[in-house]
Amino acid sequence: MVSARVIRNLKTEFRNSALAKIGLVLVVGILVTAAFAPFIAPHDPTEQQLDQSELPPLGFSETTERTTSQMVDGEIQTVTETVEVTPDAAHPLGTDSLGRDMLSRIVYGARTSLVVGVLGTLLAGLVGVPVGLFAGYHRGNVDDVLMRIADVSLAFPSLVLAVALIGLWGRAAVNVPDPFVVAGLAPGMPESFVLPITVVLVVGLVNWVWFARVARGEALSLRGQEYVKASRALGADDTAIIWNHVLPNAITPIIVLGTVQVAAIILLESSLSFLGFSGTTLSWGFDIAQGRDYISSGQWWIASLPGLAIMFSVIGINLLGDWLRDSLDPGIEGEGGAA
Amino acid sequence: MSFGRFVLKRSLQGLGVVWGVVTVVFALRFVTPGSAINAVAPLDADQETRQAIAAELGLDQPLYVQYGQYVSDLLRGDMGFSYIRGQEVAGLVFARLPATVELALAASVVAIVLSIPLGVLSATRRNEPVDYGATLLSLGGISTPNFWLGIMLILVFAVEFDVFNTSGRGVDVGDVALSLIGAEPFVGTLLAWLAYITLPAIALGTYFMALITRLTRSGMLDELSKGYVQAAQAKGLPQTLVRYKHALRNTLIPVITVLGLQLGTLIGGAVITEAVFSWPGLGTLVIESINTRDWPVLQGSLIVIGTSFVFVNVLVDAVYAYLDPQVVND
Amino acid sequence: MSRGARAAPALRSDDVLSVEDLSTRFFTEEGQVNAVESVSFDLRDNEILGIVGESGSGKSVTALSLIDLVESPGRITEGEIWYRDPDLADEFRADDAVGVDGDHVDLRTVPPRVRRSLRGPSFSTIFQDPMSSFNPSITVGEQIAEAVEVQRRANANPRSTRSRTQGYGLGQYLIDGIVPGRGYTSDESTERAVELLERVGIPDPAERVDEYPGEFSGGMLQRAMIAQALAGEPDVLIADEPTTALDVTIQAQILNLLREVQAERGMSIVLITHDLGVIAEMCDRVCVMYAGEVVERGTLDAVFDDSVHPYTEGLLGSIPDLEDPRPRLQPIEGNVPGLIDAEMDDRCYFADRCPKAMESCLEKPAERVVDADAEHGAKCVLADRPYDPSEALPEDHFGGDAE
């Protein structure tokens, strides 16, 4: 439960830990970026400007070979020339092979990552926590069955299972209108955000088992507590006991696990997009896959920059998780699930 | 309970999980959109082929007969037939398995060899520069997507410096073993093998290196503060033994549990690492089979992956029981 | 270099150990903690010296300071620890940086590796909680065999090279782990472990060497720890609350065992306890510690029968008397102070709890000799003069009740 002691621990730990501060700054930064993407992105991230393609980020210039063909005396002649491509201040992080603005794509990519990460974690928690609490509280057959299901579920790597399920179910996505653009506050930005709904479902379903395991462990240890026994003796029904007594006391490790899971699901989402198993093309993983074909021809930034965005987001969330873990000390081992 | 009985018990439990894996994969044919035939037949198959497949799979039979058929086929090593590739699934899957095992083992070696000394160093030199370095390195390691790390490694070591191969598996570990008995020059073969495997192994192993470093560091700090460490120092035991024989041993016991749980991450990571480096393993086979809607191959791969996971976990438990013999009695 | 510049009483030839003005501080985020404050005492041949005090009085840190095992953020900041070892004295006699006086060497001035090499063969330690002092995942026999091996390897080399040859590197550990039949311990050291277990009265020692600490009872494990301490054949045995974690019936057995092995081996024992009953039964001489200081010391009879310091009197008043079970427990009111340097006034630290506190107690009392023959000394003004109620401090002098 969130007591005064917990708040005090959080504060003390935050004051003493430079890493916790960095984590909070990174996470707040990403939250703001994702929420206000239409105002932060300088361009429409999907707008193609072929005459502006493959511009390097500010501070870098690139020599590249351009082949042009022209009609000379009725014959087509190809001319290969080495040209110097210089950055353009309108595209501070450069552009990709189709002339789309990298900065805008990275800003909008934060939305996809964060929305999938948070929704997927919520779904996993909503499935896993009740199942785990119920099984741990009742023990016996229910518990045995759950643990065997969990064992089987763990035997399939998250990524493999997610890829297989998306392969079977297809890549559905829904368009969610962007309120800022609909209200006319950010003209020229995409009117809707593409939510890859299958990906959310699948990452939630492959990661529920981590929540079930932690919730079960907590319920197992809490069911022996005096106040739970007393409630039972007073005739309270099991659902009420689980809801009123077991869940509030199990919430701390679940929150810490949830934090770590957001990071794990962001990594999983980027892997799925990288492999082409996502319903949206506006994603860091997707851009890395696009940029991969250009690293041998010199356009290193297309693949590199979105990866840095993933790395710093996940570092931020992991630091936040470490901070919570160190101050709440729920004693869960390791970190669950990942790409 | 003896060590042998413990391992036997865990093996039987493992068999139960494998049975669950098989059942789940069998059930996959019914979550496929449309008829179960779609899960086996190529999209462009004509009506005749579809009927032939339906008859062969026994789709007109009651469910339990289909299931019995499926399980007994598997027991005979028959994983079905890929109509798209025109090949037996079992042959296809087992031809790809060694490459994935080689990659996963190489990554584990990279991870374990670097992480445990780093974690111990970090814990014994707490708040010194080496500890800060290890902490940052491991934080970055658990936060970096391995496919991106792979691409960056290619960018630096293959594109810029041209040191390593970036695609495929030109030389496998078997060739290196053969060169030992003189089939090929040993050093040359070894270097050629390293040129292929080094980058994928680093890309896949980094996350685990970082994870184990973190677990080892926090576990060692925990253990070093315990009474038995002080008692061991007080009786004059050399520092090496206090740290490695006493504290590290107890640190590794929970670390091994977490690693067993994280094994799925290793295999999942192998899938995507193979995609980056065009490594001809099970992972690329899974992706290819989904892209071509070759469900029998996907099902076969899932069974092999699930079974490998269970097998290695039983192995991990055996190591656990060896390190901490009291586990056997619980 | 001869004995330090300060005017200290001369070392006696029967002093195994002589501690002079030892101070150990902890440098924590809350401030500097003076855990041990100018502590002095001697340990003679064949004697049991008791150190008694409430928890938090600095007894255990004193013990750890002796064997140089104070962990960061703690550090010994001052003092001398003279240990009698003629070979060690000869080795360092020519070394100007090391304090040598006759057969005695000041361990604070020798290199850290030399101090480390003395653990086991010279100083053995028995800790309070046997359950946490054994590694749960290594057999009891193996852990005792390790202590035997430390002693065996120490004796295999001449004194002067010992601190260097006792090292055991990581490479060697790895090789010993991989090559079958090799290891730090040997069959001989395991056999010796069986003998030691037998000596401390563990039945079926040949079977029990292969058991894990979890399979032992607390009392049996404390016996095993004594066996482990004997393995080094030490000159000095430090027993830090050796019976506190045990049942009353087992306590007496363990104390008997300690006395037996002390007589048998001719060791000297530093017995640290909060239990004056244990002190009365076991010790020849006693030091009473309060707030990091030795406030009273002397022979057992002198301290117990003619105690000067009101704290000692208070402790004596709180011993339960088994023959006379009428309630006469009079716990001393209040708590041991926190020992944070910034909060310590320059006064008698006990004054705030002392029923006989007077105005002169607001100055820090020096140690006074009460009876030179009994080596009886006390850091209390009452050694010089009787209590005078007219000079008593008002009750609320320290901010009302001692909270």
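Keep in mind it's a predicted model, so treat the numbers as computed, not measured.

Draft legend 1. Structural detail: the overall build of chain B. Per the secondary structure count, chain B includes twelve helices and two strands. The linear arrangement of helices and strands in chain B, starting from the amino end, is α-α-α-β-β-α-α-α-α-α-α-α-α-α. Judged by the C-alpha coordinates and their principal axes, chain B covers about 80 × 55 × 40 Å. A total of 330 residues make up chain B; the buried ones form 55% of that total.

Draft legend 2. Local environment of the overall build of chain A. Scanning chain A from terminus to terminus reveals twelve helices and four strands. The C-alpha extent of chain A, read off along each of the three principal axes, is 100 × 45 × 40 Å. Going through the 339 residues of chain A one by one, you find that 54% of them count as buried. Side chains of chain A carry 19 positive and 31 negative charges; the gap between the two charge centres is 18 Å.

Draft legend 3. Highlighting the packing of helix α6 (residues 146-160) of chain B against helix α10 (residues 239-277) of chain B. Residues and elements named next belong to chain B. α10 packs onto α6 with a crossing angle of 30 degrees between their chain directions and a minimal axis gap of 9 Å. Between α6 and α10, the angle falls in the class roughly parallel. Taken as a pair, α6 and α10 cross one another with a handedness that is right-handed. Facing N146, F147, G150, I151 and I154 of α6, the residues of α10 in contact are G269, I272, T273, V276 and F277.

Draft legend 4. Focus on the sheet that holds strand β5 (residues 100-101) of chain C. All names here are of chain C. With respect to topology, five strands assemble into an open sheet ordered β2-β1-β4-β6-β5, the strand pairing being antiparallel. Looking at strand neighbours, the two that pair on one side only are β2 (31-44) and β5, the edges of this open sheet. Direction of pairing for β5 relative to strand β6 (residues 104-106): antiparallel, over a ladder of two bridges. Within β6, the position partnered with D101 by the bridge is H104.

Draft legend 5. Spotlight on the interface of chain B and chain A. Each side of the interface is counted separately: chain B has 53 residues, and chain A has 48 residues. Of the roughly 4,100 Å² buried where chain B meets chain A, counting both sides, 76% is carbon and sulfur surface. Sorting the residues of chain B by area buried against chain A places F147, W148 and L261 of chain B first, and these three jointly supply 14% of that buried surface. Run the count over chain B and chain A and you get one salt bridge. The closest approach of N and O atoms between D322 of chain A and R214 of chain B, which form a salt bridge, is 2.8 Å. Here chain B and chain A share six residue pairs in polar contact (both at pLDDT 80 or more) between them. Listing elements by their share of the side of chain B that touches chain A, those giving two or more residues are α1 (3-31), α5 (129-143), α6, α8 (186-224), α10, α11 (282-291) and α12 (295-323) of chain B. Element by element, the count of residues in the side of chain B that touches chain A is highest for α10 of chain B, at 13 residues. Taken together, the residues that form the side of chain B that touches chain A break down as 38 nonpolar, 13 polar and two charged.

Draft legend 6. Main features of helix α10 (residues 238-275) of chain A. Residues and elements named next belong to chain A. If you check α10, its first and last C-alpha atoms are just 45 Å apart, much less than what 38 residues at 1.5 Å a residue would give, namely 56 Å. The largest bend along α10 reaches roughly 50 degrees and is located at L247, with the proline P248 sitting one to four residues downstream. Counting buried residues in α10 gives 28 out of 38 residues, a clear majority hidden from the surface. Positive backbone phi, at 85 degrees, marks G276, one or two positions downstream of α10.

Draft legend 7. Fine view of the sheet that holds strand β9 (residues 268-273) of chain C. Residue and element names in this part refer to chain C. Read across the sheet, eight strands follow the order β7-β8-β9-β3-β10-β11-β13-β12 without closing on themselves; strand pairing throughout is mixed. Looking along the sheet, the strands with just one partner apiece sit at the ends: β7 (123-126) and β12 (368-371). When strand polarity is set aside, the average angle formed by the axes of neighbouring strands in this sheet is 20 degrees. Sheet topology places strand β8 (residues 236-240) next to β9; five bridges connect them, and they run parallel. Each residue of the ladder has a partner; that of V236, found in β9, is S268. Its contacts with the sheet put helix α14 (residues 310-317) on β3 (48-52), β10 (285-290) and β11 (293-299), and the angle it makes with β10 is roughly 105 degrees.

Draft legend 8. Structural view of the environment of W210 of chain A. Looking at the element boundaries, W210 of chain A is found in helix α8 (residues 197-222). W210 of chain A gets classed as buried once you look at its relative accessible area, which sits at 9%.

Draft legend 9. Region of interest: the nonpolar core. Grouped together as the largest cluster of nonpolar side chains are 183 residues, with contacts concentrated most on L133, V163, L272 and F274 of chain A. The element best represented in this core is α10 of chain B, accounting for 19 residues. Ignoring any residue separated from it by four or fewer positions in sequence, one finds L133 of chain A in contact with A215, R216, A219, I242, V246, L247 and A250 of chain A. V98, M220, L276 and Y311 of chain C belong to the second-largest nonpolar core, a separate cluster that totals 113 residues.

Draft legend 10. Just the packing of aromatic side chains, in detail. In this structure the tally under the stated criterion is 13 aromatic pairs over all chains. Seen from their ring centres, W300 of chain A and W301 of chain A are 5.7 Å apart, and the 90 degrees between their planes marks the pair as edge-to-face. Feature note: the residues F36, F39 and F180 of chain A constitute an aromatic cluster, connected by ring pairs. Between R208 of chain C and the ring centre of F216 of chain C, over which it is positioned, the NZ or CZ distance is 4.4 Å.

Draft legend 11. View of the pattern of salt bridges. Tallied over the full model, the rule gives 44 salt bridges over all chains. With a shortest N-O distance of 2.6 Å, R85 of chain B and E288 of chain B are connected by a salt bridge. Remark: E288 of chain B occurs in helix α11 and R85 of chain B occurs in the loop between β1 (81-82) and β2 (87-88); sequence separation between them is 203 residues. The class for E288 of chain B is partly exposed, based on a relative accessible area of 31%. The residue E146 of chain C makes a salt bridge to K235 of chain B at a minimum N-O spacing of 3.1 Å.

Draft legend 12. Up close: a negative patch on the surface. Residue and element names in this part refer to chain C. Taken together, the side chains of D301, D305, D306, D371 and D373 define an acidic patch exposed on the protein surface. Looking at where D301 falls in the secondary structure, it is placed in helix α13 (residues 300-305). A relative accessible area of 52% places D301 in the exposed class.

Draft legend 13. Region of interest: the environment of M220 of chain B. All names here are of chain B. Turning to its location among the elements, M220 is positioned in helix α8. For M220, a relative accessible area of 0% puts it in the buried group. Residues M220 and Y244, 24 residues apart in the sequence, show an inter-C-alpha distance of 9.8 Å. Ignoring any residue separated from it by four or fewer positions in sequence, one finds M220 in contact with V120, A123, R243, A247, L248 and T251.

Draft legend 14. Seen up close, a nonpolar patch on the surface. Residue and element names in this part refer to chain A. Together, L24, V28, V32, F36, F39, I40 and L185 line one region of the surface with nonpolar side chains, adding up to about 580 Å² of accessible area. For the nonpolar patch, the secondary-structure elements that each account for two or more residues are α2 (18-35) and α3 (37-40). Residue placement: L24 occurs in helix α2.

Draft legend 15. Unusual backbone geometry, seen in detail. Residue and element names in this part refer to chain B. Even without a glycine there, the phi angle at N127 is positive, about 65 degrees. Turning to its location among the elements, N127 is positioned in the loop between α4 (89-124) and α5. Despite not being glycine, R293 shows a phi value in the positive range, around 55 degrees.

Draft legend 16. Focus on the state of the cysteines. Residues and elements named next belong to chain C. One pass over the full model with this rule turns up zero disulfides over all chains. The thiol sulfur of C283 is not disulfide-bonded, and the nearest other cysteine sulfur, from C287, lies at 9.7 Å. Taking the relative accessible area as the measure of exposure, C283 reaches 6% and is therefore buried.

Draft legend 17. Local environment of the pairing of β3 of chain C. Residue and element names in this part refer to chain C. With respect to burial, β3 is a largely interior element, five of its five residues being buried. Of the two faces of β3, the one carrying I48, G50 and V52 and the one carrying L49 and I51 are both buried. Taken together, the five bridges between β3 and β9 define a ladder with parallel strand orientation. When the bridges of β9 are listed, V52 appears paired with T273. Looking at chain direction, β3 and β10 are connected through four bridges and run parallel. Residue I51 lies in a different strand from β10, and its bridge partner there is C287.

Parameters and conventions
Residues numbered from 1 in each chain as written. Chains lettered and ligands numbered in written order. Predicted model: local features only at pLDDT ≥ 70, side-chain atom pairs only at ≥ 80, totals over all residues. Heavy atoms only, no water. Helix = DSSP H or I, 4+ residues; strand = E, 2+ residues; numbered from the N terminus. Buried < 20%, exposed > 50% of the residue type's maximum accessible area, 1.4 Å probe, protein only. Lys, Arg positive; Asp, Glu negative; His and termini not counted. Charge placed at Lys NZ, Arg CZ, Asp CG, Glu CD. Axes fitted to C-alpha atoms, helices over the stretch in contact; angles between N-to-C directions. Parallel < 35°, antiparallel > 145°, perpendicular 65-115°, else oblique. Left-handed = near helix turned anticlockwise from the far one by under 90°. Contact = heavy atoms within 4.5 Å. Pairing = 2+ DSSP bridges. Buried area = accessible area lost by both parts, 1.4 Å probe. Salt bridge = Lys/Arg side-chain N within 4 Å of Asp/Glu carboxyl O. Polar contact = N/O pair within 3.5 Å; in protein donor to acceptor, adjacent residues only side chain to side chain. Nonpolar A, V, L, I, M, F, W, Y, C, P; charged D, E, K, R; others polar. Expected span 1.5 Å × (residues − 1). Bend = angle between axes of the 7 residues up to and from the residue. Core = buried A, V, L, I, M, F, W, Y, C linked by side-chain atoms within 4.5 Å. Phe/Tyr/Trp six-rings, centres within 6.5 Å; stacked < 30°, edge-to-face > 60°. Lys NZ or Arg CZ within 6 Å of the ring centre and 35° of its normal. Patch = residues over 30% accessible without salt bridge, like charges linked within 9 Å, V, L, I, M, F, W, Y side chains within 5 Å. Areas by Shrake-Rupley, 256 points an atom, 1.4 Å probe, with all protein chains shown as cover. Disulfide = S-S within 2.5 Å.

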